[in-house]
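One-letter residues, chain by chain:
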Amino acid sequence: MSSVAVQDDRPWVDRKRYLWLLGILAMTLPLQGYLLYRWTGWSVFWWFSPIFIYLILPIADALLGEDDNNPPDSAMAALAADRYYRWAVYLALPAQYLSFVWCTWMAVRGGLVWHQWLGLLLSAGFTSGLGINIAHEMGHQTSRLERWLAKIALAPVAYGHFYVEHNRGHHVRVATFEDPASARYGESFWEFLPRCVIGSIRSAWEIEKQRLARQGKGPWSLKNDLIQAWLLTLALYAAMTAWLGWAALPFMILQAAYGGSLLEVVNYLEHYGLLRAKRADGSYERCQPEHSWNSNHIATNIFLYHLQRHSDHHAYPTRSYQTLRNFVGLPRLPSGYAAMIPIAYCTPLWFAIMNPRVRDHYRGDLSRANLKPSLRARLLAGERRAAA
Amino acid sequence: MEASTAVTLKKWRCLVCDFVYDEARGLPEEGIAPGTRWEDIPESWTCPDCGAAKSDFVMVEID
């Protein structure tokens, strides 16, 4: 704080304001890669998106570091009401579709060599993963339009269940043993992935079934949000297949699987090992800032619309991304998501880096952590022995 | 004080996660007594399941 007596009446300026537009650009990385390929003749540019997420972004995170900027209280209302920021998300949707359509067309009609096709597949999948991220941002808003846009963003990724499960399942059960999308200490990403996907779909179906039952309807209705979302995927895939032929189908399905897996690895990072305490009456304490892993690295935060400010997101789920804040003392990942994702893929490395952090967070008392079941008995027995 | 139930107690649903606040039940585990009307809950209160604000709730029209 300045010690000068003059009051600074200048309004706060969001230094990241125009950087948010990069999220729109990120959707079209496959096309940018293609242009680079045409310009250089190097096939490596078919792999532009994986190179971007696994190499360029982690390096950018390391170089550009963390972003401690928070909007002051006085600026929050105006910042939240500024529609520019919603448009920065809306415009990512046509960019996502452009990329999806172009990639599928290129995969089928482009006469690609296998390694070009594979790079294109992963690139299309990365765009789909970003699509889930914008669906997340829009699905949390309460306006009907934004929620519809969220379903549309999920269609190419075949991830319609996310629309139901995320708000009404994950946000309700976050950081509990029961949540399929909260990773347990000792659980590798490869164990987490099937548990999360299957558990989330089951949970979403149950949630919708109960909601419709309250209205006196059965689950097999067009009012079922899951069925709506899945029908959107079906319609999209059917249209693409009708246009391009059967060869389009495996490409679309596989890119959706990879895109979905990116969302799931982010789920894995965000709550690994963290657990909400149970109250005396058996109910869980409210979700607190300490129940999420955060990252404040600016490069990844820009491309993910502040998704990494995860504690604040759980505290204020309907807050538009530009107003999310960072705080000291929150559980922190050693780097941005971009670097943590390959670490998560490599189980021994993940455990070596993150398990000590979970232990430290709970001051060595792992009974307070969200544990993999087979570990719980063993660890508690070991701790009792050590304490004796 | 509970007067005669000339005024029916209502329910309020969270638009984000579907949690329902039932005025008749209150939220005793958080210190909100049964019968507490929606308008008497502090504006700073948030949904216990997902953290949404009071403004993100709607009144349930039909039970």
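Structure: above.
The structure contained in this document is the topic of the report that follows. (Residues numbered from 1 in each chain as written. Chains lettered and ligands numbered in written order. Predicted model: local features only at pLDDT ≥ 70, side-chain atom pairs only at ≥ 80, totals over all residues. Heavy atoms only, no water.)

Concerning the overall build of chain A
Counting its regular elements, chain A contains 17 helices and 0 strands. For a compact globule of 388 residues, the expected C-alpha radius of gyration is about 21 Å, and chain A comes in at 22 Å, within 12% of that figure. The C-alpha extent of chain A, read off along each of the three principal axes, is 70 × 60 × 45 Å. Of the accessible surface of chain A, which amounts to about 17,400 Å², a share of 65% is contributed by carbon and sulfur atoms. Positive and negative side-chain charges in chain A, numbering 38 and 28 respectively, have mean positions lying 6 Å apart. (Helix = DSSP H or I, 4+ residues; strand = E, 2+ residues; numbered from the N terminus. Rg over C-alpha atoms; globule rule 2.2 N^0.38 Å. Areas by Shrake-Rupley, 256 points an atom, 1.4 Å probe, with all protein chains shown as cover. Lys, Arg positive; Asp, Glu negative; His and termini not counted. Charge placed at Lys NZ, Arg CZ, Asp CG, Glu CD.)

Considerations on the packing of aromatic side chains
Residue and element names in this part refer to chain A. Under the criterion given, the structure shown has 34 aromatic pairs over all chains. Note on Tyr37 and Trp46: the rings are 5.2 Å apart at their centroids and 50 degrees apart in plane angle, and the pair reads as tilted. When the centroid spacing of 5.5 Å and the interplanar angle of 50 degrees are considered together, the rings of Tyr268 and Tyr272 count as tilted. Members of the aromatic cluster, joined through ring pairs, are Tyr54, Tyr185, Phe189, Trp190, Phe192, Tyr268, Tyr272, Tyr345 and Trp350. Positioned over the ring face of Tyr84 is Arg17, at 4.3 Å from the centre of the ring. Above the face of the Trp148 ring, Lys151 is positioned so that its terminal group lies 4.3 Å from the ring centre. (Phe/Tyr/Trp six-rings, centres within 6.5 Å; stacked < 30°, edge-to-face > 60°. Lys NZ or Arg CZ within 6 Å of the ring centre and 35° of its normal.)

Section: the nonpolar core
Across soluble globular proteins, you tend to see nonpolar side chains buried next to one another. Ranked by size, the top nonpolar core spans 81 residues in total, and within it A:Ile134, A:Tyr272 and A:Trp350 carry the most contacts. Not counting chain neighbours up to four residues away, the residues in contact with A:Ile134 comprise A:Met27, A:Val89, A:Ala92, A:Leu93, A:Gln96, A:Ala153 and A:Tyr305. Membership of the second largest hydrophobic core comes to 16 residues, among which are B:Trp12, B:Cys14, B:Trp45 and B:Cys50. (Core = buried A, V, L, I, M, F, W, Y, C linked by side-chain atoms within 4.5 Å. Buried < 20%, exposed > 50% of the residue type's maximum accessible area, 1.4 Å probe, protein only. Contact = heavy atoms within 4.5 Å.)

Re the environment of A:Gly186
Residue and element names in this part refer to chain A. Within the secondary structure layout, Gly186 lies in the loop between helix 9 (161-173) and helix 10 (189-214). Once the C-alpha coordinates of Gly186 and Pro334 are considered, the two residues, 148 residues apart in sequence, prove to be 18 Å apart. In this structure, Gly186 is in contact with Glu191, Tyr272, Phe351, Asn355, Lys372 and Leu375, ignoring residues within four places of it in sequence.

Observations regarding helix 16 (residues 347-361) of chain A
Three- or four-residue spacings in an α-helix give side chains the same orientation, since the helix completes a turn every 3.6 residues. Residues and elements named next belong to chain A. Under the 1.5 Å per step criterion, the end-to-end length of helix 16 is 20 Å for 15 residues, consistent within 8% with the ideal 21 Å. If you look at helix 16, its biggest bend is around 30 degrees, right at Met354, and the proline Pro356 turns up within four residues after that. Buried residues of helix 16: Thr347, Trp350, Met354, Asn355 and Val358, and no others. Those residues of helix 16 that are buried lie in contact with helix 10, helix 12 (248-271) and helix 15 (337-345). Immediately beyond the C-terminal end of helix 16, within one or two residues, lies Arg363, with a positive phi of roughly 50 degrees. (Expected span 1.5 Å × (residues − 1). Bend = angle between axes of the 7 residues up to and from the residue.)

Quick look at a nonpolar patch on the surface
Among the surface-exposed residues, A:Leu55, A:Ile56, A:Ile59, A:Leu63 and A:Leu64 lie close enough to one another that they form a single nonpolar patch of about 510 Å² accessible area. Relative to the assigned elements, A:Leu55 resides in helix 3 (residues 48-64). (Patch = residues over 30% accessible without salt bridge, like charges linked within 9 Å, V, L, I, M, F, W, Y side chains within 5 Å. Salt bridge = Lys/Arg side-chain N within 4 Å of Asp/Glu carboxyl O.)

Comments concerning the interface of chain B and chain A
Listed per partner, the contact involves 16 residues of chain B and 16 residues of chain A. Across the chain B/chain A interface, buried area totals approximately 1,300 Å², and carbon plus sulfur atoms make up 42% of it. At the boundary of chain B and chain A, one finds 4 salt bridges. For the salt bridge of A:Arg279 with B:Glu30, the shortest nitrogen-to-oxygen distance reads 3.6 Å. (Buried area = accessible area lost by both parts, 1.4 Å probe.)

Observations regarding the packing of helix 10 of chain A against helix 11 (residues 225-244) of chain A
Residue and element names in this part refer to chain A. Remark: helix 10 packs on helix 11, axes separated minimally by 8 Å, with the N-to-C direction vectors making an angle of 125 degrees. By the angle between their axes, helix 10 is oblique relative to helix 11. When helix 10 is examined against helix 11, the residues Ile201, Ala204, Trp205, Glu208 and Arg211 are found in contact with a partner set consisting of Asp225, Leu226, Ile227 and Trp230. Taken together, the residues of the contact of helix 10 with helix 11 sort by class into 6 nonpolar, no polar and 3 charged. (Axes fitted to C-alpha atoms, helices over the stretch in contact; angles between N-to-C directions. Parallel < 35°, antiparallel > 145°, perpendicular 65-115°, else oblique. Nonpolar A, V, L, I, M, F, W, Y, C, P; charged D, E, K, R; others polar.)

Some points on the pairing of strand 1 (residues 11-14) of chain B
Residues and elements named next belong to chain B. Burial of the side chains of strand 1 is restricted to one face: Trp12 and Cys14 are buried, whereas none of Lys11 and Arg13 on the reverse face is. Sheet topology places strand 1 next to strand 2 (residues 20-22); 3 bridges connect them, and they run antiparallel. Note on strand 2: the bridge partner recorded for Arg13 is Val20. Connecting strand 1 to the next strand, strand 2, in antiparallel fashion are 5 residues, including Asp18 with a positive phi near 75 degrees. Taken together, the 3 bridges between strand 1 and strand 3 (residues 57-59) define a ladder with antiparallel strand orientation. Bridge pairing links Arg13 to Val58 in strand 3. (Pairing = 2+ DSSP bridges.)

None of this, on its own, says anything about what the molecule does.
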